[in-house]
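The chain contents come next:
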Amino acid sequence: MKKILNHFNKTDFFTSLLSDYQSHDEIKITNTNDPVSVLLIYFLYKQTNKDIVLVTPNLFKAQTLYDQLVDIAEEDEISFFPQDEFITTEMLAMSTDFKVERINTVRKIIEKKHSIIITNTSGYIKQLIPLKKWENAIVTWKEEDVIDVKKLPNMLISFGYKRESQVEQPGEFSIKGGIIDIYPLNENKPYRIDLFDDEIETIRTFDVDTQRSSVRTKQCEIYPMYEFFYTDEELNVIKEKVEDKLEKDIYSEVSQERINQDLINLYNRNEIDQLSRYLTIQYESPESIVDYIDGNTTIFYDYNKIIDNYNDIIRDIRDWYEGTNDYPKLGFDLVKDINRVYSRKSLYLDVFSSPTLKIKNEIVVRAKETILYNNNINLAISDLKKYNKYTTVII
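Computed from a predicted structure; not experimentally measured. Starting from 1, residues in each chain are numbered consecutively following that chain's sequence as written. Only residues with pLDDT of at least 70 get local features here, since the model is predicted, and only at 80 or more are side-chain atom pairs given and counted; chain-wide, interface and lining totals rely on the full set of residues. Computation of side-chain values covers all heavy atoms of the structure but excludes hydrogens and water.

Draft legend 1. The arrangement of the overall build of the protein in detail. For helices the rule is a DSSP run of H or I covering at least 4 residues; for strands it is a run of E covering at least 2, with both sets numbered from the N terminus onward. Looking only at helices and strands, the protein features 15 helices and 15 strands. Seen through its C-alpha atoms, the protein measures out along the principal axes to roughly 75 × 55 × 40 Å. Out of the 395 residues in the protein, the part that is buried amounts to 48%. In short, Shrake-Rupley with a 1.4 Å probe defines the accessible areas, and a residue's cover is counted only from the protein chains shown. Taken as a whole, the protein presents about 21100 Å² of accessible surface, with 47% of it coming from carbon and sulfur. To sort residues, take the accessible area from a 1.4 Å probe on protein chains only and compare it with the maximum for the residue type: under 20% means buried, over 50% means exposed, and anything in between is partly exposed.

Here is the structure:
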């Protein structure tokens, strides 16, 4: 792939593309297709070495482009930030696999590992806690570190972990004498921390089936289990704001019961994924995935379909409001206004040139569909001769 990118640097088209990208805040690229778009995105990423958010209309397209980019990029260069549709999250349950992907993406951002972050419309407008909150929440333990065992349970519970007698699955921890077992969401195996008094003597992974320690490691990192986490003090602030709203307005008995149950679940750290709507009560200015990368480049793949999907989400939310009595009067702001998610640079990739998208700087690619030769070498040679000297052909 490195040789192909080096060749691109010598061509007029890619030189012009990079120049336009550096000179303009908005560019519209039309008459392209998936394979060519993937190469354009990766080329710009490699030239700038900065985070790029790639927004697609839906999860299917996000997964498709993710798979194609993974095929040509290095392992850490591609991140996935998929978000379930609103109705799926509200009526069923949030995908744990998607949540792990999002938290791993946040982890890369915090560790300054630049990547192409692929998301769908719902992920793009997802309300997020401030990145600083994430940065302050990460716990790194190393050998010889001192742990306050008395405060540890409350801290881990505030991160969404459950205390159990034996650790068997992600999100659980146990404390037995001088041994702390914990299974972080972001790891394949749980950790066993042996203490000498309050100092870490060893850190090892262990097998959940046999409960036997195995590989020794110098340090481990503990990330919160949820994307919405809070201390007991922060929960009290949420509770005070909710009670203030209940006093100032009249709510039905059904809504009051639901709100009271929400507060109980928030206290017990139950159903946190569904209750993340309270995030916008805790924070006056929640952030977005674009805020997390400090407003760098956003690439929209088929902007018109993204807007169509956004309008469908808003319609679903409106229906939810109407079907939940006066419960939404608490002031939930469930998603970002798509027109208020700002980037320093925006690129619009479209297969066809949409007349409704008015962008002054437009680049027409005139990409051809990928040809499958199926081992017909003679046909391949014939086409190579035909395109020789005036077209870039990638095999």
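Draft legend 2. Summary view of helix 11 (residues 253–268). Under the convention used throughout, the expected extent of a helix is 1.5 Å for every residue step, that is, one less than its residue count. Compared with the 22 Å implied by 1.5 Å per residue over 16 residues, the 23 Å span of helix 11 between its first and last C-alpha is a close match. Listed as buried for helix 11 are Ser255, Ile259, Asp262, Leu263, Asn265 and Leu266. Each buried residue of helix 11 sits inside an arc of 165° when the element is viewed along its axis, so together they form one side. Among the exposed residues of helix 11, those pointing more than 90 degrees away from its buried face are Glu253, Val254 and Tyr267. Contact criterion: two residues are considered in contact whenever any of their non-hydrogen atoms come within 4.5 Å of each other. Looking at the buried residues of helix 11, the elements they touch are helix 10 (232–248). Where helix 11 ends, the next residue or the one after it, arginine 269, has phi of about 60°, a positive value. The directions from the helix axis to the C-beta atoms are what the arc is built from.

Draft legend 3. Representation of the pattern of salt bridges in the model. Think of a salt bridge as a Lys or Arg side-chain nitrogen and an Asp or Glu carboxyl oxygen that are within 4 Å of each other. Summed over all chains, the structure comprises 20 salt bridges. Across the pair glutamate 111 and arginine 107 runs a salt bridge whose closest N-O atoms are separated by 3.4 Å. Glutamate 111 sits in the partly exposed class, given a relative accessible area of 30%. One salt bridge connects aspartate 249 with lysine 329, and the closest N-O pair in it is separated by 3.4 Å. Residue aspartate 249 is found in the loop between helix 10 and helix 11, and its partner lysine 329 is found in the loop between helix 14 (303–323) and strand 14 (346–349); the two are separated by 80 residues along the sequence. On the accessibility criterion, aspartate 249 (36% relative accessible area) is partly exposed. Judged by relative accessible area, lysine 329 falls into the partly exposed class, the value being 38%. Among the charged side chains, a network of salt bridges with common partners joins Arg107, Glu111, Lys113, Glu187 and Glu221.

Draft legend 4. Representation of the pairing of strand 13 (residues 297–301) within the structure. The buried count for strand 13 comes to five of five residues, which makes it a mostly enclosed element. With burial as the criterion, each face of strand 13 is covered, one bearing Thr297, Ile299 and Tyr301 and the other bearing Thr298 and Phe300. The pairing of strand 2 (residues 52–56) with strand 13 spans four bridges and is parallel. Paired with isoleucine 52 across the bridge in strand 13 is threonine 297. Relative to strand 14, strand 13 runs parallel, the two being bridged by four bridges. Note that in strand 14 the partner of isoleucine 299 across the bridge is leucine 347. Here, the term right-handed applies to a crossover whose path from the first strand over the helix to the second runs clockwise when the strands point away from the viewer. Between strand 13 and its parallel partner strand 14, the chain crosses via helix 14, and the hand of that crossover is right-handed. Between any two strands, at least two bridges found by DSSP are needed for them to pair.

Draft legend 5. Summary view of the packing of helix 3 (residues 34–48) against helix 4 (residues 59–72). Every angle, taken between N-to-C directions, lies between 0 and 180 degrees, and every axis is a line fitted to C-alpha atoms, over only the stretch in contact when it is a helix. For the pair helix 3 and helix 4, interaxial distance at closest approach is 10 Å and the crossing angle is 60°. Between helix 3 and helix 4 the crossing geometry is right-handed. Contact with helix 3, carried on its side by Asp34, Pro35, Val38, Leu39 and Tyr42, involves Lys61, Thr64, Leu65, Gln68, Leu69 and Ile72 of helix 4 and no other residues of that element. Amino acid classes used here: Ala, Val, Leu, Ile, Met, Phe, Trp, Tyr, Cys and Pro are nonpolar; Asp, Glu, Lys and Arg are charged; the rest, including Gly, are polar. The residue makeup of the contact of helix 3 with helix 4, split by class, is seven nonpolar, two polar and two charged. By definition, any crossing whose near helix is turned counterclockwise from its far helix by less than a right angle is left-handed, and any crossing with a clockwise turn is right-handed.

Draft legend 6. Structural view of the packing of aromatic side chains. The aromatic pairing rule takes the rings of Phe, Tyr and Trp, using the six-membered ring of Trp, and pairs them if the centres are within 6.5 Å, calling planes under 30 degrees apart stacked, those over 60 edge-to-face and the rest tilted. Going through the model one piece at a time under the given rule, you end up with 17 aromatic pairs. Measuring from centroid to centroid gives 5.2 Å for phenylalanine 13 and phenylalanine 14, while their planes differ by 90°, and the two rings are edge-to-face. Accessibility expressed as a relative area gives 9% for phenylalanine 14, which makes it buried. One aromatic cluster is present, built from ring pairs that chain together Phe86, Tyr278, Trp320, Tyr321, Tyr327 and Phe332. We call a charge positioned over a ring when the NZ of a Lys or the CZ of an Arg lies within 6 Å of the ring centre and within 35 degrees of the ring normal. Here the basic side chain of arginine 192 rests over the ring of phenylalanine 206, its NZ or CZ set 4.2 Å away from the ring centre. The ring of tyrosine 251 carries the charged tip of lysine 329 above its face, separated from the ring centre by 4.9 Å.

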